[in-house]
Each structure stands twice: as structure tokens, then as C-alpha cells.
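As a plain string of letters, each chain reads:
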Amino acid sequence: MTAAVGVERYNAVARFLHWTIAVIIIGNIIGGFFHDALEDVVNVMPLHKSFGLTVLVLSLVRLGWRMAHRAPPLPAHTPAWERGAAHLTHALFYVLMIGLPMTGWLVSSGSKYPLNWFGLFDVPKFGITPDGAIDGFAHEAHEIMGWVAVALIVLHVGAALRHHFVLKDNVLRRMA
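These numbers come from a predicted model, not from an experiment.

Quick notes on the rules
- Residues numbered from 1 in each chain as written.
- Predicted model: local features only at pLDDT ≥ 70, side-chain atom pairs only at ≥ 80, totals over all residues.
- Heavy atoms only, no water.
- pLDDT = per-residue confidence, 0-100.
- Helix = DSSP H or I, 4+ residues; strand = E, 2+ residues; numbered from the N terminus.
- Axes fitted to C-alpha atoms, helices over the stretch in contact; angles between N-to-C directions.
- Parallel < 35°, antiparallel > 145°, perpendicular 65-115°, else oblique.
- Left-handed = near helix turned anticlockwise from the far one by under 90°.
- Contact = heavy atoms within 4.5 Å.
- Nonpolar A, V, L, I, M, F, W, Y, C, P; charged D, E, K, R; others polar.
- Salt bridge = Lys/Arg side-chain N within 4 Å of Asp/Glu carboxyl O.
- Buried < 20%, exposed > 50% of the residue type's maximum accessible area, 1.4 Å probe, protein only.
- Polar contact = N/O pair within 3.5 Å; in protein donor to acceptor, adjacent residues only side chain to side chain.
- Lys, Arg positive; Asp, Glu negative; His and termini not counted.

(A) Region of the structure containing the confidence of the model for the protein chain. Averaged over every residue, the pLDDT of the protein chain is 94; residues scoring 70 or more account for 97%. Ranking the elements of the protein chain by mean pLDDT puts helix 4 (residues 133–166) last, at 96, and strand 1 (residues 116–117) first, at 98.

Following this line, the structure appears as C-alpha cells:
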């Protein structure tokens, strides 16, 4: 899709990281929620873990990139409450993009199953005991954050579509 003339966009690196992480997260949420149902078709969990670790690394890169590069401005007509909601939503996304993989890593560390990255190399585990307090916390936090991510994704996509189709401004085009 060609960006509209005069639309200030996120740079190519930010757009690549945004869409790559978004696709992986959506796939990982689906895989995480339906891994039991898919068990007879494919062993989802090794892929879920590998993609989760990938999200962690890409999100740290994205956070560093974002800190070094300013975001394009929101339209001047954007009310203060909406600007605040956008900033809060983006901050929560960063918490989830780092927190979900970290809690998954903790869960995997308490498991008897190996933790590796797409079978290419082993990933070190934390010294977590199975069924201990940290393991239980990590399981609960991982699941809750997964549901929060679903809600935030729906909110984010809904807001982007509202900007594009209702307000007809260039907010969505900034990331296109």
C-alpha cells in the first residue's frame, strides 16, 4: 500500500518490527490458547516457546529503536484523552511484549521439557522449581497477560480502524 502524500510515517525499521511482532504475537496467542486442541495435529509448544523468545528479542530491539527515534505526531485534532489513551496502550503493549515471553520463559524453566530456539540451540533455564511459588505465579501471570493482550489488540485494531474509516485521518497510514 502506498502511503498518502504528506503523511509522516514511522520509519521502515519501526514498521518492520511492528508488523513482524504483531503477526508472531497473534499466532502465538492462538497457539497458546489452542495447543491442547491441536495436540494431535502438531506439537505447538516448542514453536510457541521459540516464537515467544523471538518476540522478546525483537521487542527489546523495538523498545531501543523507539527510544532513539520519535514517533510521527498524532493529528492536531486528537483530543488529550485520546492521546493519553494511545500512550497508555502503547506502554502496556511494551509491558506485554516483554512480560509475556519472560513469564513463559519462567514457566519453561520449571518444566522437564527442553527449552531451545527452533531446535537450533538450547536456551538456559532459570533455577525454578516445578510447582513452586514462582512457577505458579508465572503460569497465572502468563495466562492473564495473554487475555489482556487479546483485549489490547482488539482495542488497538478498533482504534486504528476508527481513525481510518470514521475519522478519515492518517493515523493508520503512519504504520503502513
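Okay, back to it.
(B) Representation of the packing of helix 1 (residues 12–34) against helix 2 (residues 44–68) within the structure. Where helix 1 meets helix 2, the closest approach of the two axes is 9 Å, and the angle between their N-to-C directions is 150°. The angle between helix 1 and helix 2 places the two elements in the roughly antiparallel class. Handedness of the crossing formed by helix 1 with helix 2: left-handed. In this structure, helix 1 contributes Val13, Ala14, Leu17, His18, Thr20, Ile21, Ile24, Ile25, Asn28, Gly31 and Gly32 to the contact, and helix 2 contributes Val44, Leu47, His48, Phe51, Gly52, Thr54, Val55, Leu58, Ser59, Val61, Arg62 and Trp65. Tallied by class, the residues present in the contact of helix 1 with helix 2 amount to 13 nonpolar, nine polar and one charged.

(C) Spatial organisation of the packing of helix 3 (residues 80–109) against helix 4. Contact geometry for helix 3 and helix 4: axes closest at 8 Å, N-to-C directions at 145°. Taken as a pair, helix 3 and helix 4 cross one another with a handedness that is left-handed. By residue class, the composition of the contact of helix 3 with helix 4 is 15 nonpolar, 10 polar and three charged.

(D) Spatial organisation of the pattern of salt bridges. For the structure shown, the criterion picks out two salt bridges. A salt bridge links Arg162 to Glu82; the nearest nitrogen and oxygen atoms lie 3.2 Å apart. Linking Arg162 in helix 4 with Glu82 in helix 3, this pair joins segments that are 80 residues apart in sequence. Overall, the relative accessible area of 33% leaves Arg162 in the partly exposed class. By relative accessible area, which is 10% here, Glu82 ends up buried.

(E) How the structure looks around the side chain of Thr54. Within the element layout of this structure, Thr54 appears in helix 2. At 2.8 Å, the side chain of Thr54 and the side chain of Trp117 are in polar contact. Among residues more than four places away in sequence, those in contact with Thr54 are Ile24, Trp117 and Phe118.

(F) How the structure looks around the side chain of Asp169. Relative to the assigned elements, Asp169 resides in the segment after helix 4. No salt bridge is formed by the buried Asp169; its nearest oppositely charged neighbour, Arg162, is found at 6.8 Å. A polar side-chain atom of Asp169 sits 3.5 Å from a polar atom in the side chain of His77.

(G) Layout of the environment of His164. Structurally, His164 is set in helix 4. Each C-alpha atom of the pair His164 and Met102 lies 34 Å from the other, and the pair is 62 residues apart in sequence.

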